Amino acid sequence: MFASMGGEAGEARQLAGLLRGGGGDLAAQRVARLVAEACTGVEPAEASRQCAALRDSILQLCSDGTLTLPEARLLCRKIDGAQAAMLEALSSPQRALDALERALSDTPVRGLPELVVQGSLSADSAALLIGENRQLVIRATAGLELPPDAADPASVAGRALLESSVVEASDTENARAVLAFPLQFGDELLGVLRVSSRTAWKFSEDEKRFLRAIATRAAALLAGDDPQARLRHTLRTFESLIEASPLPILSIDRNGSVQIWNHAAEELFGWQRHEVVGKSIPLGAQDLEEALRIRQEIDGGRVIRNQEVRWKRKDGTHLDLALSAAPLRDPASAVSGSIAILVDITDRKQREEQAEKTARFREHFVGIVSHDLRNPLTAIVTSAQLLLRYGELPERQARVVARIAASADRMARMIDDLLDFARSRLGGEFPIHRRRIDLRQICEQTVEELEFAYTRQVKLEVYGDPWGDWDPDRMAQVISNLVGNAVQHSEGEVEVSLRGEKDFVVLETHNRGTPIPREVLTHIFEPGRRGTDRSGGLGLGLFIVQQIVLAHGGSIEVRSSESDGTTFTVALPRKGRQKPPQ
């Protein structure tokens, strides 16, 4: 090659003259032209031999004193640099062809950015961005790190997606040159291939053709050849349904990156879609450990239904959730990701915890009242009765002991009321033990006891059949409370009537005296309500009466006025309610 130009020795002498006469720039320009001509149309090995011969001629000029050693070294370095640049330029098409061959063979869509960097001499950064809900999400990258705004709507890639055309820009996004190709398959715009360079101001036409071929391959893979792309395409088909779901729905790929995060998930957890898609689920250390365990089960092919988990929100608060998740599979039946539906059960868990606390309190309360209070009270009652019967006490002391016994009896009734109140208001069932009884006999016995206790006469009238299925002890409790109240708050005769009808037996108590105030009448059956302050009880008597009547399937009403007095009416069905036929 150099022979046609006078040989290597002649070219070496010309370079020496240019160096001494015009300086290093003229010599470098001449070296670049010589090396380019020597390398054109020959194999790299032959080009290297020609350049080596030129270097030998320059060194010979140094030996015979034509060039100094520093001048010879400078020219040799110029030859080395020009040769390296030329060989690199000559190898660029081959690199591009090799990259295209791998792209068309078995490289998955995530590996394409790496092939871009390998096959394009100018490219030092490449990224594949997927279009989701009119936004770009980074799918795969290679080379230098992307700037934070590379996926913004106003970025070069964002403009390529919006305009559905190739966009090229200079001196932007931390690079000298940025090139973005829309990934279009048929009528569907799938994303953008973004390539940038921090060294070159412009990509060559050959590089653009190579990059366009890679973009076409990426669109084809995303449209259906790649298992992960098929997963994403299938999920997008149901995007509108998922987005409209009132329940949080999310999906992750096999790498643990979030692919779907619907509107309900945004509202429940507080993280917006752009904050989580393409990243791992933002969970705390404890929550993440649980999520990894669940993911291992799904990777093993298991379907999870209504598993209770505890995850945190963006503000740091925790949520109790019911998780249902299933694996997603590629055509080869390998697990390629998972999809999950979540139900917020925080309120339910709180209710369950409250119910558990209430149950513990009820057990504790009932235990205290029924045992710890009854035991000393039983000792007081028994001792008082023994003293009255066998103590031979003087009259004055006997009256004191009798008052103790009466007060103890009243305390026993209060304890019974407290137990019934605790069972009814703290979640327990009101105990009812039905059997066939004559309500007339219960009334007569109870009224007789009250007449003796209050030294008052009570008028009792019975009409019709008084038999039915009731709890005798509870019926005595109802009659005792109603008649006892009438006796305490009346100024004249107290009347009690028992009237048997076809399916019901009606019990009425009537008394004259100061009527129940209107403001009290509407709340008379609520716990803690008292008609007057003279009763001295807990205000639970009428509440418990109402609960007993309701437990028997009956009803209770009250009327009170200055002219007609006060009347309580209880209607009791003769038989317990039967379950309706199926």
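Residue positions are given per chain, counting from 1 as you read along its sequence in written order. Residues qualify for local features only when their pLDDT is at least 70, as the model is predicted, and side-chain atom pairs are given and counted only at 80 or more; totals for whole chains, interfaces and linings, by contrast, use all residues. As a rule here, side-chain values come from all non-hydrogen atoms in the structure, and water together with hydrogens is ignored.

Draft legend 1. Fine view of the layout of surface pockets. What the second largest pocket holds in volume is close to 470 Å³. Broken down by element, the lining of the second largest pocket gets its largest block of residues, four residues, from strand E2 (residues 135–143). Whether a set of points on the 1 Å grid over the protein atoms alone is a cavity depends on a 1.4 Å probe fitting there but being unable to get out, while an open set qualifies as a pocket with protein on both sides within 12 Å along at least five of seven lines; lining residues are those with an atom within 4 Å of a point. Grid points are joined across faces, edges and corners, and a volume is the space filled by probe spheres set on the points. Helix and strand definitions follow DSSP, with helices as H or I runs of at least four residues and strands as E runs of at least two, each counted in order from the N terminus.

Draft legend 2. Highlighting helix H6 (residues 156–163). All of the buried residues in H6 are Val156, Ala157, Gly158, Ala160 and Leu161. Considering only its buried residues, H6 is in contact with strand E1 (125–132), E2, strand E3 (167–172), strand E4 (175–185) and strand E5 (188–197). Once H6 finishes, Ser164 follows within two positions and takes phi at roughly 55°, a positive value. We call a residue buried when its accessible area falls under 20% of the maximum for its residue type, exposed when it is over 50%, and partly exposed in between, using a 1.4 Å probe and counting protein chains only. Throughout, a contact is declared for two residues whenever any of their heavy atoms are within 4.5 Å.

Draft legend 3. Up close: the sheet that holds E3. Pairing between strands is defined by DSSP: at least two bridges between them are needed. One open sheet accounts for five strands, arranged E2-E1-E5-E4-E3; its pairing is antiparallel. What marks the edges here is a single partner per strand, and that holds for E2 and E3. Neighbour-to-neighbour, the strand axes of the sheet open up by a mean angle of 20°, direction not taken into account. For every element, the axis is a line fit to its C-alpha atoms; helices are fit only across the contacting stretch, and the angle between N-to-C directions ranges from 0 to 180 degrees. With respect to the sheet, H6 is in contact with E1, E2, E3, E4 and E5, its orientation differing from that of E3 by roughly 160°.

Draft legend 4. Structural context of empty space enclosed by the protein. Under the definition given, this model contains five cavities of 30 Å³ or more. Estimated volume of the second largest cavity: approximately 50 Å³. Lining of the second largest cavity is provided by Asp124, Ser125, Leu144, Glu145, Leu146, Pro147, Glu173, Asn174, Ala175, Arg194, Ser196 and Arg198. Its residues placed into classes, the lining of the second largest cavity shows four nonpolar, three polar and five charged. Gly falls in the polar group here, along with every residue not listed as nonpolar (Ala, Val, Leu, Ile, Met, Phe, Trp, Tyr, Cys, Pro) or charged (Asp, Glu, Lys, Arg).

Draft legend 5. Quick peek at helix H15 (residues 439–454). In this model, H15 (16 residues) spans 22 Å end to end at C-alpha, consistent with the 22 Å of a helix rising 1.5 Å per residue. Of all the positions in H15, only Leu439, Ile442, Cys443, Thr446, Val447 and Leu450 are classed as buried. Viewed along the axis of H15, the buried residues span an arc of 120°, placing them on a single side of the element. What points out from H15, more than 90 degrees from its buried face, is the exposed set Glu448, Glu449 and Phe452. Between the side-chain oxygen at the start of H15 and the backbone nitrogen of Arg440 there is a gap of 3.0 Å, and the oxygen is on Asp438. With its phi angle positive at about 50°, Thr455 sits one or two positions after the end of H15. One less than the number of residues in a helix, times 1.5 Å, gives the span that helix is expected to have. Throughout, the arc means that of the directions going from the helix axis to the C-beta atoms. Pairing of N or O atoms within 3.5 Å defines a polar contact, subject to two protein rules: one partner must be a possible hydrogen donor and the other a possible acceptor, and residues neighboring in sequence count only if both atoms are side-chain atoms.

Draft legend 6. Molecular detail of the sheet that holds strand E15 (residues 504–511). Overall, mixed pairing links the five strands, which are arranged E12-E14-E15-E17-E16 in an open sheet. In this open sheet, the two edge strands, each paired with only one partner strand, are strand E12 (458–463) and strand E16 (555–561). Across the sheet, the mean angle separating the axes of adjacent strands is 10° when strand polarity is ignored. In this sheet, E15 lies alongside strand E14 (residues 494–500) in antiparallel orientation, the contact comprising seven bridges. Looking at E15, one finds that Ser497 is bridged to Glu508. The strands that helix H16 (residues 472–488) touches are E12, E14, E15, E16 and strand E17 (565–573); relative to E15, the one it contacts most, it runs at about 20°.

Draft legend 7. The arrangement of the packing of H16 against helix H18 (residues 541–551) in detail. Interhelical geometry of H16 versus H18 gives an angle of 140° and a closest axis separation of 10 Å. Considering the angle they form, H16 stands oblique to H18. Considering how the two elements wind past one another, H16 and H18 form a crossing that is left-handed. On H18, the residues that touch Arg474, Met475, Gln477, Val478, Asn481, Leu482 and Asn485 of H16 are Gly541, Leu542, Ile544, Val545, Ile548 and Val549. A class-by-class count of the residues in the contact of H16 with H18 yields eight nonpolar, four polar and one charged. Here is the rule for angles: anything less than 35 degrees is roughly parallel, anything more than 145 is roughly antiparallel, 65 through 115 is roughly perpendicular, and the remaining ranges are oblique. Here a crossing is taken to be left-handed if its near helix is turned anticlockwise relative to the far helix by less than a right angle, and right-handed if that turn runs clockwise.

Draft legend 8. View of the pattern of salt bridges. What counts as a salt bridge is simple: a side-chain nitrogen of Lys or Arg found within 4 Å of a carboxyl oxygen of Asp or Glu. Scanning the entire structure with this criterion turns up 18 salt bridges. A salt bridge links Lys208 to Glu205; its shortest N-O distance comes to 3.7 Å. Here Glu205 and Lys208 lie together in helix H7 (residues 205–225), a separation of three residues that amounts to about one turn. Overall, the relative accessible area of 48% leaves Glu205 in the partly exposed class. Here Arg399 and Glu395 are joined by a salt bridge, their closest N and O atoms 3.2 Å apart. Of this pair, Arg399 and Glu395 both sit in helix H14 (residues 395–425), separated by four residues, roughly a single helical turn. The pair formed by Arg399 and Glu395 is uniform in burial state, with each residue classed as exposed. Each of Glu308, Arg348, Lys349 and Glu352 takes part in a single network of salt bridges with overlapping partners.

Draft legend 9. Representation of unusual backbone geometry in the model. With a phi close to 50°, Asp171 is a non-glycine residue in the positive phi region. Mapped onto the fold, Asp171 is located in strand E3. Phi is positive for Glu173, close to 50°, though the residue is something other than glycine. Relative to the assigned elements, Glu173 resides in the loop between E3 and E4. Among the residues examined, Glu173 registers a relative accessible area of 11% and is labelled buried.

Draft legend 10. Representation of the packing of H15 against H16 in the model. Two elements in contact, H15 and H16, have axes whose closest approach is 9 Å; the angle formed by their N-to-C orientations is 40°. Regarding the angle of H15 to H16, the classification is oblique. As for how H15 packs across H16, the hand of that crossing is right-handed. Contacts from Leu439, Ile442, Cys443, Thr446, Leu450 and Tyr454 in H15 reach Pro472, Met475, Ala476, Ile479, Ser480, Val483, Gly484, Val487 and Gln488 in H16. For the contact of H15 with H16, a count of residues per class yields 11 nonpolar, four polar and no charged.

Draft legend 11. Structural detail: the pairing of strand E9 (residues 318–329). Two elements, strand E8 (residues 304–312) and E9, share seven bridges in a ladder whose sense is antiparallel. Residue pairing for E9: Arg310 is matched across the bridge by Asp320. Connecting E8 to the next strand, E9, in antiparallel fashion are five residues, including Gly316 with a positive phi near 95°. Direction of pairing for E9 relative to strand E10 (residues 335–344): antiparallel, over a ladder of nine bridges. Bridging across to E10, Ala325 finds its partner in Ala340. Count of turn residues in the E9/E10 antiparallel hairpin: five residues, of which Ser333 carries a positive phi of about 70°.

Draft legend 12. Representation of the environment of Phe525 within the structure. Locating Phe525 in the fold gives a position in the loop between helix H17 (518–521) and H18. Residue Phe525 is classed as buried on the basis of its relative accessible area of 13%. Once the C-alpha coordinates of Phe525 and Gln547 are considered, the two residues, 22 residues apart in sequence, prove to be 9.2 Å apart. Setting aside anything within four residues of it in sequence, one finds Phe525 in contact with Leu542, Phe543, Gln546, Ile556, Val558 and Phe568.

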